[in-house]
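Observations on the model geometry
Chain residues, written in single-letter form:
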Amino acid sequence: MTDLLLLPGDGIGPEVTAEVRRVAERLCPDLTLDERPFGGKSYDIAGSPLTEETLAEAKAAKAVLMGAVGGPKWASVPRDKRPEAGLLGLRAGMGVFANLRPALCFQPLADASTLKREVVEGLDIMIVRELTGGIYFGSPRGIEVLTAGGKRAVDTQVYTTAEIERVGRVAFELARGRRNKVTSCEKSNVMDSGLLWREVVTELHKAEYADVTLEHMLADNAAMQLVKNPRQFDVILTDNLFGDILSDEAAQLTGSLGMLPSAALGAPGAPGLYEPIHGSAPDIAGQGVANPLAAILSFEMALRWSLGRADLADRLFAAVNRALEQGARTPDLGGKLGTREMGDAVLAAL
Ligand code: IPM
Ligand code: MG
């Protein structure tokens, strides 16, 4: 049985997951690893971005670690066969509805952010993004040609009480182990799905989590508050689309998109899906300069949340911090190290 299934995917994905493999082999040699093509790579080989065999192996593994998917090469592929569709299919197929995206400012990187040091120093936010519902999956959707000329495109934002409750619980539980505050973000001023979101989170809080501080914030205001005073946030709870946007924004607070890992979790005991939140970065793919730390930190989250090795996760986290303290920097952090050299720096710190 596979403990950890690696899905390197496209663009810089194979480069950063190669470093995860080296770290995993050093840190826990007893871990069974397997690897499969995914995204555009899988489409090229098998005609589908996510084959049935890959999904079956993902569901049977303890954890899955994905690199990145997509790129200009597949821009004209029909939408249901695109690399991104493979990722959405994997998330839905694994049932990983709660996406944990920590935005943490590493002490040695406080000057790497485009924001002032005093704004981001010590930042520690956990974004909980709903991952298997909302406008990414709602129907109807599609583009139709109008007889009068032009076209009409539809996407549907849709949430049920149960979907909001289960991801809400994850956010409240996490807050209890942190600074005990949840900020729930939606657009209840213009969207019915936002109204329901606010209503369900309010009820859940009253019934089960009254000890946690709950704040509601409109998603546009949250985007502004994130750059104005990001340290006011502890856990941010939000839907699929707003979570996608707010997590990229939060990543930049920490210095680089190349630093942020994520964990997607489903039912207790089910395998988790771990992904760096950065994309496939086609502009730098194949050059060996991508920052592997987001992928390595995704493996750190896998050790903690799916592989039952919090002890090794702590060691790995400390090693990454030490490598940064010692000045290890890829170009996205203003340095000159390549992907493999950054991997070397982490291994040396281990
Ligand atoms: C992310 C990415 C994906 C998303 C894309 C690649 C489908 O942007 O994980 O944040 O939109 O969810
Ligand atoms: Mg995104």
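Keep in mind it's a predicted model, so treat the numbers as computed, not measured.

1. What about the domain arrangement of the protein?
Domain assignment breaks the protein into domain 1 (1–97 + 266–350) and domain 2 (110–259). With 17 residues of domain 1 at the interface, the matching set in domain 2 holds 19 residues. At the boundary of domain 1 with domain 2, total buried surface from both sides reaches about 1,600 Å², with 69% on carbon and sulfur atoms. Looking only at domain 1, the three residues that lose the most surface to domain 2 are Arg 91, Phe 97 and Ile 277, adding up to 40% of its buried area. Counting only elements with at least two residues in the side of domain 1 that touches domain 2, the list comes to helix H4 (83–94) and helix H10 (293–305). Ranked by residue count, the leading element in the side of domain 1 that touches domain 2 is H10, at 4 residues. Of the residues assigned to the side of domain 1 that touches domain 2, the class counts are 11 nonpolar, 3 polar and 3 charged.

2. Brief notes about unusual backbone geometry
Looking along the chain, the bond that leaves Ser 139 and enters Pro 140 is cis, with omega of 5°. Tracing the backbone shows Pro 140 in strand E6 (residues 138–145). Its identity is not glycine, yet Ala 281 carries a phi of approximately 45°, on the positive side. By the secondary structure assignment, Ala 281 is in the loop between strand E12 (272–274) and H10.

3. Some points on the site of ligand 1
Close to ligand 1 lie Glu 84, Arg 91, Arg 101, Arg 129, Tyr 136, Asp 244 and Glu 275. Contact distances for ligand 1 include 2.6 Å between an oxygen atom and a side-chain N or O atom of Tyr 136. In the environment of ligand 1, an oxygen atom lies 2.8 Å from a nitrogen or oxygen atom belonging to the side chain of Asp 244. Grouping the amino acids of the shell around ligand 1 by side-chain chemistry returns 1 nonpolar, no polar and 6 charged. Each of domain 1 (1–97 + 266–350) and domain 2 (110–259) contributes no fewer than three residues to the shell around ligand 1.

Calculation rules
Residues numbered from 1 in each chain as written. Chains lettered and ligands numbered in written order. Predicted model: local features only at pLDDT ≥ 70, side-chain atom pairs only at ≥ 80, totals over all residues. Heavy atoms only, no water. Domains from an automatic or database assignment. Contact = heavy atoms within 4.5 Å. Buried area = accessible area lost by both parts, 1.4 Å probe. Helix = DSSP H or I, 4+ residues; strand = E, 2+ residues; numbered from the N terminus. Nonpolar A, V, L, I, M, F, W, Y, C, P; charged D, E, K, R; others polar. Near = heavy atom within 4 Å. Polar contact = N/O pair within 3.5 Å; in protein donor to acceptor, adjacent residues only side chain to side chain.

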